[in-house]
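Reading the structure
Each chain is listed here by its residues.
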Amino acid sequence: MLHLTGIAEHSTRATPYIVLGLLTGLYAAQSVTGSMVQTALPVALRDTGVPLDRIGFLAILIMPWALKFLWAPLVDRFGTQRNWILVCQLALIFSFGVAAYLPPETHLPTLSIVLLAMAFVAATQDVATDSLAVRATTQETRGKASGASTAGGYLGFLIGSGLWLPIYAYAGWAASMWAMASFIAVLTLPTLAATHIGRHASRPRGRPGFRAVLSNRPLVGGIGFLILYQCGVRLGTSMLSPFMVDIGFPVATIGWVRGAGGAVVGLIGALAGAALVQRFGSGRTLAAFAAVNLLAFAGLALFAFGIWQGDIAAIVLLLVQAAAVAMSFVALYAMMMNWSDTEQAATDFAVLQSLDAALAVAMGVIAGAIAQHAGYGVVFAATALLLAFAAWRSPRRARSIAILLPRHSSTAVVPSLPVQESRP
């Protein structure tokens with residue numbers, strides 16, 4: 001078994017790679033499930049002749065991610081992060097094994113129940129992993145953990161969508177389900193080996209819950225900033241795929257740009273974003289990424305208004321925007337980790353993520369209505385304006401909230417990431 005505390009005593013340089021690798025694998029595991037269910041599965045269902053109205057009901061599978069804040073206090077109150085994570089990982093493996101015997105063309109109702117259970121389990125694993133990430137880091141090192149979470153998410157997307165569909169196409173439903181179960185089993189091995197992760201150094205003060213959330217001044221202040229920043233991001237990104245269809249891109253090209261291509265540049269962007277956050281801080285870095293994002297949307301607005309043309313240029317803008325979003329998530333999630341109280345990290349972070357999910361739904365509806373009546377150009381122009389304001393406010397808001405943060409923010413037995421690694 002791998003004892004992280006012993007390693008920390010003998011080699012502080014090894015600690016970042018152990019902790020970050022562990023977090024990357026855990027975030028990849030939950031993303032495998034989410035991307036397979038939300039992105040790839042509708043393709044398979046339509047391929048087997050499932051009606052569109054029934055496929056539309058898959059949207060309910062997103063609900064556990066938006067509602068996970070309701071049961072997040074249980075993760076803070078009972079057990080350890082490691083136990084929660086292991087139970088969830090094993091449940092996901094079991095669920096994929098059960099789903100292998102439920103092909104959608106003959107068992108869709110039963111399969112839907114299994115998929116909903118999988119979404120609930122994956123969302124709970126996310127809560128426990130977020131808590132682990134907050135407790136294993138300090139304010140100065142959370143850019144690294146945030147980069148690991150974002151990179152793991154894109155890696156899981158590549159597996160759950162980019163690999164699942166080809167396996168399904170060539171080997172069938174059962175083989176694709178067992179392949180996903182195998183991937184998650186492999187990603188579970190580091191958590192099994194690391195016996196000293198996620199153990200509470202002390203029990204939370206009082207009873208973790210939503211009343212304590214309201215008393216967390218950095219988090220309450222951060223909620224307003226989260227709404228400001230993510231409204232712009234979510235408004236524009238929700239219309240990118242329909243926009244590509246309407247300007248004449250082939251489905252294969254859309255799949256590459258919005259699928260594998262976007263995931264690859266997102267993975268690269270996450271790694272670069274983590275380095276930049278560590279070097280310049282989350283506030284200034286987020287402002288820079290917002291500026292890149294707004295320039296991309298300004299260019300897309302020119303396309304939508306017919307002022308600018310050219311398929312290659314449009315694809316470049318879309319990939320730049322995907323990279324900018326990935327980098328901004330690294331900076332934003334580092335800030336969200338700082339806002340979360342380590343005594344109830346699962347609850348605090350889940351509240352922020354659930355709010356972000358609700359914003360995604362609301363902005364998608366608003367963007368669709370605007371695009372239908374005023375066109376894509378108005379949507380993208382409004383997005384650029386919101387991002388310009390967010391870029392202006394990011395450094396100021398980050399500094400004002402930082403004043404409220406406690407000096408020390410890591411209380412777990414997990415070895416914390418060092419602020420600086422020694423350089424050759």
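Use the structure listed above.
Residues numbered from 1 in each chain as written. Predicted model: local features only at pLDDT ≥ 70, side-chain atom pairs only at ≥ 80, totals over all residues. Heavy atoms only, no water.

1. What about the overall build of the chain?
To keep it simple, the criterion reads: Put simply, DSSP H or I for four residues or longer makes a helix, DSSP E for two residues or longer makes a strand, and each gets a number counted from the N terminus. Three labels apply to residues, based on accessible area from a 1.4 Å probe with only protein chains included: buried if under 20% of the type maximum, exposed if over 50%, partly exposed otherwise in between. Contacts are residue-level and defined by heavy atoms, with any inter-residue pair within 4.5 Å sufficient.
Within the chain, the secondary structure is distributed over 17 helices and zero strands. Here the chain holds 424 residues, and 53% of them are scored as buried. A sequence separation of at least 24 residues applies to 86% of the contacts in the chain between residues at least 6 apart.

2. A short note on the pattern of salt bridges
Put simply, the rule reads: For this document, the term salt bridge refers to a Lys or Arg side-chain nitrogen within 4 Å of an Asp or Glu carboxyl oxygen.
The full count for this structure, using the stated rule, is two salt bridges. As a salt-bridge pair, arginine 234 and aspartate 356 come within 2.8 Å of each other at their nearest N and O atoms. One end of the pair, arginine 234, is in helix α11 (residues 217-237); the other, aspartate 356, is in helix α16 (residues 345-374), and 122 residues separate them in sequence.

3. As for helix α6 (residues 81-99)
Put simply, the test is: Each residue after the first adds 1.5 Å to the expected span of a helix.
For α6, with 19 residues, the first-to-last C-alpha span of 27 Å sits near the 27 Å given by 1.5 Å per residue. Turning to α6, its buried residues are Gln81, Arg82, Ile85, Leu86, Cys88, Gln89, Leu92, Ser95, Phe96, Gly97 and Ala99.

4. Some details on helix α14 (residues 282-304)
Here α14 spans 32 Å end to end across 23 residues, near enough to the 33 Å set by a 1.5 Å rise per residue. Where α14 ends, the next residue or the one after it, glycine 306, has phi of about 80°, a positive value.

5. Considering the packing of helix α15 (residues 311-339) against α16
Going by this rule: To get an axis, fit a line to the C-alpha atoms, keeping to the stretch in contact for a helix; angles then go from 0 to 180 degrees between the N-to-C directions. For classification, angles of less than 35 degrees are called roughly parallel, those exceeding 145 degrees roughly antiparallel, those between 65 and 115 degrees roughly perpendicular, and all remaining angles oblique. Helix crossings are classified by the rotation of the near helix relative to the far one: an anticlockwise turn of less than a right angle makes the crossing left-handed, while a clockwise turn makes it right-handed. Charged means Asp, Glu, Lys or Arg here, nonpolar means Ala, Val, Leu, Ile, Met, Phe, Trp, Tyr, Cys or Pro, and polar covers whatever is left, Gly included.
Contact geometry for α15 and α16: axes closest at 8 Å, N-to-C directions at 140°. If you check the angle between α15 and α16, you find them oblique. When the axes of α15 and α16 are compared, the crossing they make is right-handed. Along its contact with α15, which presents Tyr333, Met336, Met337 and Trp339, the element α16 presents Asp348, Phe349, Leu352, Gln353 and Asp356. Classifying every residue of the contact of α15 with α16 gives six nonpolar, one polar and two charged.

6. Observations regarding the packing of aromatic side chains
For any two aromatic rings, the description comes down to two numbers: the centre-to-centre distance and the angle of the planes. Under the convention used in this document: Between 30 and 60 degrees the pair is tilted, below 30 it is stacked and above 60 it is edge-to-face, where a pair is any two Phe, Tyr or Trp rings, Trp via its six-membered ring, whose centres lie within 6.5 Å.
Tallied over the full model, the rule gives eleven aromatic pairs. Here tyrosine 101 and tryptophan 178 contribute two aromatic rings whose centre-to-centre distance is 6.3 Å and whose plane-to-plane angle is 85°, an arrangement assigned as edge-to-face. Of this pair, tyrosine 101 sits in the loop between α6 and α7 (104-135) while tryptophan 178 sits in helix α9 (residues 173-193); the two residues are 77 residues apart in sequence, bridging distant segments of the chain. Tryptophan 178 sits in the partly exposed class, given a relative accessible area of 40%. In textbook terms, an aromatic cluster arises when at least three aromatic residues are bridged by ring pairs, as seen for Phe243, Phe297, Tyr376 and Phe380.

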